Amino acid sequence: MRARRRRDTGSDYLSDALALLSGWTRDGVQLHRDLACDDSQHAALTERIKVAADTLHIRPTIRRYNGHTQISLGPQDGGTITDGEVTLAARIEDFYRTVVERP
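Residues numbered from 1 in each chain as written. Predicted model: local features only at pLDDT ≥ 70, side-chain atom pairs only at ≥ 80, totals over all residues. Heavy atoms only, no water.

## Looking at the overall build of the chain
- Per the secondary structure count, the chain includes three helices and four strands.
- Going from the N terminus to the C terminus, the chain shows its helices and strands as α-β-β-α-β-β-α.
- Counting the 103 residues in the chain, one finds 37% classified as buried.
- In the structure as shown, the chain presents an accessible area of about 6,600 Å², 47% of it carried by carbon and sulfur atoms. (Helix = DSSP H or I, 4+ residues; strand = E, 2+ residues; numbered from the N terminus. Buried < 20%, exposed > 50% of the residue type's maximum accessible area, 1.4 Å probe, protein only. Areas by Shrake-Rupley, 256 points an atom, 1.4 Å probe, with all protein chains shown as cover.)

What follows is the structure, encoded as structure tokens:
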């Protein structure tokens with residue numbers, strides 16, 4: 001998913017793209033998502049995220065806590081959220097749906 005920049009309005013196109021991603025929260029320079037999954041789903045999800053993150057040259061923070069996978073995206077140096085991080089967030093949503101889907 002690529003967010004298109006709106007040139008005719010002063011809106012923040014990344015905020016517009018994030019509005020389409022339910023469950024993600026933004027706290028300034030980080031995006032956060034908490035996903036319920038078991039250990040095997042966590043492993044499968046983490047592997048998919050790592051491959052996509054490497055492709056986009058992004059280093060997400062992924063941790064397992066109390067039956068949930070917690071993901072943080074964003075620059076560690078206090079920069080701004082990029083379109084690559086929003087793209088990765090969208091891909092993570094797709095990965096999560098694939099991993100937790102029951103056959």
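Next comes the rest of the account.
## Observations regarding the pattern of salt bridges
- Throughout the structure, instances matching the rule amount to three salt bridges.
- Of the charged contacts in the structure, one is a salt bridge between aspartate 39 and arginine 64, with a shortest N-O distance of 3.1 Å. Taken together, the residues aspartate 39 in helix α2 (residues 39–56) and arginine 64 in strand β3 (residues 61–65) connect sequence positions 25 residues apart.
- Overall, the relative accessible area of 58% leaves aspartate 39 in the exposed class.
- What makes arginine 64 partly exposed here is its relative accessible area of 27%.
- Put simply, aspartate 94 and arginine 97 hold a salt bridge, and the shortest N to O gap is 2.4 Å. (Salt bridge = Lys/Arg side-chain N within 4 Å of Asp/Glu carboxyl O.)

## Notes on the sheet that holds strand β4 (residues 68–73)
- Across the sheet, which stays open at both edges, the four strands sit in the order β1-β2-β4-β3 with antiparallel pairing between neighbours. Two strands close off the open sheet at either side, each with one partner strand: β1 (25–26) and β3.
- As judged from the six bridges shared by strand β2 (residues 31–36) and β4, these two strands associate in the antiparallel manner. Directly across from alanine 36, in β4, lies its bridge partner histidine 68.
- The sheet contacts of α2 involve β2, β3 and β4, and relative to β3 the element is tilted by about 180°.
- Sitting on the sheet, helix α3 (residues 83–100) is in contact with β2 and β4, with an inclination near 0° to β2. (Pairing = 2+ DSSP bridges. Contact = heavy atoms within 4.5 Å. Axes fitted to C-alpha atoms, helices over the stretch in contact; angles between N-to-C directions.)

These figures capture arrangement, not role.
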